[in-house]
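Single-letter residue listing:
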Amino acid sequence: MSTLATHPGASRRAYRLLAWVDCPPRSVLKNLSAIEASKRLAAYTAVDKHILPEHKYIGIGSGSTVPYVVERIVAQGAAVNKDRVFIPTGFQSKELIVDANLQLGDVDQYPTLDVTIDGADEVDADLNCIKGGGACHLREKVLAEAAITWVIVADFRKNSSVLGTTYKKGVPVEVAPFAYAKLLANLRMIGSPDAALRMAVNKAGPIVTDNGNFVIDAPFGPEYMKDPLTLLTRIKMLTGVVEVGLFCHMAKAAYFGNEDGSVTVRHNDGRVEEVQSTPDAPAVQDPSESYLSNKLSTAEIGNGHAV
Ligand SMILES: O=C(CO)[C@H](O)[C@H](O)COP(=O)(O)O
């Protein structure tokens, strides 16, 4: 059940927060604390390393890890943030930026960004990614390309050797709505017999992206996923495809928060580092203590609603 369906009377702000974090109630959060702590560790460590005082134009990605990126940027203080402009990859990150009182811009005003930090659905040994689980991959790719430095933040579950190992839903393909049936047939023909139009959960019909398009999820076997650049090129050549959720050779580094409180940093030159926890981001922390969860508990969970 969606937040909207279970919280018909929820305030707009509370609803947004719940939807952003995709966050279950506190009782469930307890069980998820290792994962939430991992996301936060990755986000904090990446911000500390890559969002420097001289960086003025910053892309903010989408998903459940990115709120911790914004949280850490806010913690850098108003003085450093007042001269910065933040560019969102979609509705969710736009709301995050606005809600944090950071200055909002768009990529048509700022086509070159200093850094973009984003989440991922899965990352392979060469830092290729599957993205688009949240249907934001068109804007995410534009902001990744616009950035001098593109960095991924994720929990340990996303750290993979071959794409498609853990993220089984398939390659997200954003398509022009009128072309979807032809593209389903095309994708099935080129090696994804189970390609399917992504359907909305609380709306009749397909999900519609922030750009007014549809998304097809196209699962491909490991023989294709081992060479994601070739697959990306093949899918992108199909007429009617707007963007493919395969991001190849784009990331400078990927930060994976681990359950033991360390962060694995994989660099695009092949180096792998194990970094210990950022001092004020304890390894195993009850996420109910984070600013997002505190907002949730006072705004919503405290009212006895279940998500
Ligand atoms: O690609 C994305 C949305 O289109 C997101 O970046 C990805 O789904 C992030 O995942 P998480 O919620 O684990 O941070």
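Residues numbered from 1 in each chain as written. Predicted model: local features only at pLDDT ≥ 70, side-chain atom pairs only at ≥ 80, totals over all residues. Heavy atoms only, no water.

Peer 1: I'd like to hear about the domain arrangement of the protein chain, residue by residue, with values.
Peer 2: Reports of interface size often rely on the accessible area that becomes lost once the parts have come together. Domain parsing of the protein chain yields domain 1 (12-160 + 249-289) and domain 2 (171-245). On the side of domain 2, 17 residues touch domain 1, which itself brings 16 residues to the contact. Together domain 1 and domain 2 conceal approximately 1200 Å² of surface at their shared face, both sides included; 56% is due to carbon and sulfur atoms. Linking domain 1 with domain 2 are 1 salt bridge. Between K141 and E243 there is a salt bridge, and its shortest N-O distance comes to 3.0 Å. One can count 9 residue pairs in polar contact (both at pLDDT 80 or more) joining domain 1 with domain 2. Sorting the residues of the side of domain 1 that touches domain 2 by element identifies strand 5 (129-130) and helix 7 (137-146) as the ones contributing at least two each. (Domains from an automatic or database assignment. Contact = heavy atoms within 4.5 Å. Buried area = accessible area lost by both parts, 1.4 Å probe. Salt bridge = Lys/Arg side-chain N within 4 Å of Asp/Glu carboxyl O. Polar contact = N/O pair within 3.5 Å; in protein donor to acceptor, adjacent residues only side chain to side chain. Helix = DSSP H or I, 4+ residues; strand = E, 2+ residues; numbered from the N terminus.)

Peer 1: Hey, could you go over the packing of aromatic side chains for me, with residue numbers and the actual values?
Peer 2: All told, the structure shown has 4 aromatic pairs when counted by the stated rule. With 5.5 Å between their ring centres and 25° between their planes, W150 and F247 make a pair best called stacked. One end of the pair, W150, is in strand 6 (residues 147-155); the other, F247, is in strand 11 (residues 246-247), with 97 residues separating them in the sequence. Given a relative accessible area of 0%, F247 falls into the buried group. On the basis of an interplanar angle of 65° and a centroid distance of 5.3 Å, the ring pair of F220 and Y224 is categorised as edge-to-face. Judged by its relative accessible area of 10%, F220 falls in the buried class. Y224 gets classed as partly exposed once you look at its relative accessible area, which sits at 26%. One Lys or Arg, K131, reaches over the ring of F247 and ends 5.7 Å from the middle of that ring. Over the aromatic face of F247 sits the side chain of K141, whose NZ or CZ is 5.0 Å from the ring centroid. (Phe/Tyr/Trp six-rings, centres within 6.5 Å; stacked < 30°, edge-to-face > 60°. Buried < 20%, exposed > 50% of the residue type's maximum accessible area, 1.4 Å probe, protein only. Lys NZ or Arg CZ within 6 Å of the ring centre and 35° of its normal.)

Peer 1: Could you give an account of the sheet that holds strand 7 (residues 171-175), naming the residues involved and the relevant values?
Peer 2: Strand order in the open sheet formed by 4 strands is 8-9-7-10, with antiparallel pairing between adjacent strands. If you trace the sheet from one side to the other, it starts and ends with strand 8 (196-197) and strand 10 (241-244), each paired once. In terms of strand pairing, strand 8 meets strand 9 (residues 214-218) through 2 bridges, oriented antiparallel. For L197, the partnering residue across the bridge sits in strand 9 and is I216. The strands that helix 8 (residues 180-189) touches are strand 7, strand 8, strand 9 and strand 10; relative to strand 9, the one it contacts most, it runs at about 15°. (Pairing = 2+ DSSP bridges. Axes fitted to C-alpha atoms, helices over the stretch in contact; angles between N-to-C directions.)

Peer 1: Break down the side chain of R266 for me, with residues and values.
Peer 2: When you line up the elements, R266 lands in strand 13 (residues 263-267). No salt bridge is formed by the buried R266; the nearest opposite charge belongs to D124, separated by 5.2 Å. A polar contact of 2.2 Å, which involves the side chain of R266, links it to the backbone oxygen of D124. (Lys, Arg positive; Asp, Glu negative; His and termini not counted.)

Peer 1: Let's hear about helix 8: which residues, and what values?
Peer 2: Among all positions in helix 8, only L183, L184, N186 and L187 are buried. Axial view of helix 8: buried residues confined to an arc of 165°, hence all on one face. Note on helix 8: the residue one or two positions beyond its end, G191, has a positive phi of about 130°. (Arc of directions from axis to C-beta.)

Peer 1: An account of the pairing of strand 9 is needed here, citing residue identities and associated values.
Peer 2: The buried fraction of strand 9 amounts to 5 of the 5 residues, a majority that puts the element mostly inside the structure. Here 5 bridges tie strand 7 to strand 9, and the two strands are oriented antiparallel to one another. Across the sheet, V173 pairs through a bridge with I216, a residue of strand 9.

Peer 1: Break down the pairing of strand 14 (residues 272-275) for me, citing the residues and quoting the values.
Peer 2: Alignment of strand 13 against strand 14, held across 4 bridges, turns out to be antiparallel. Looking at the pairing, T264 lines up with E274 of strand 14. In textbook terms, the turn of a hairpin is the stretch between consecutive antiparallel strands, and for strand 13 and strand 14 this stretch comprises 4 residues, one of which, G270, has a positive phi near 95°.

Peer 1: Which residues make up the sheet that holds strand 13, and what are the values?
Peer 2: Spatially, 2-1-3-6-12-13-14 is the arrangement adopted by the 7 strands of the open sheet, whose pairing is mixed. Strands at the two margins of the open sheet, each flanked by one partner only, are strand 2 (85-88) and strand 14. Going across the sheet, the axis of each strand differs from the next one's by a mean of 20°, ignoring polarity. Where strand 6 meets strand 12 (residues 253-257), 5 bridges bridge the pair, whose relative direction is parallel. Paired with I152 across the two strands is A254, which belongs to strand 12. On the sheet, helix 4 (residues 66-75) packs against strand 1 (57-60), strand 2, strand 3 (113-118) and strand 6 and is oriented at approximately 150° with respect to strand 1.

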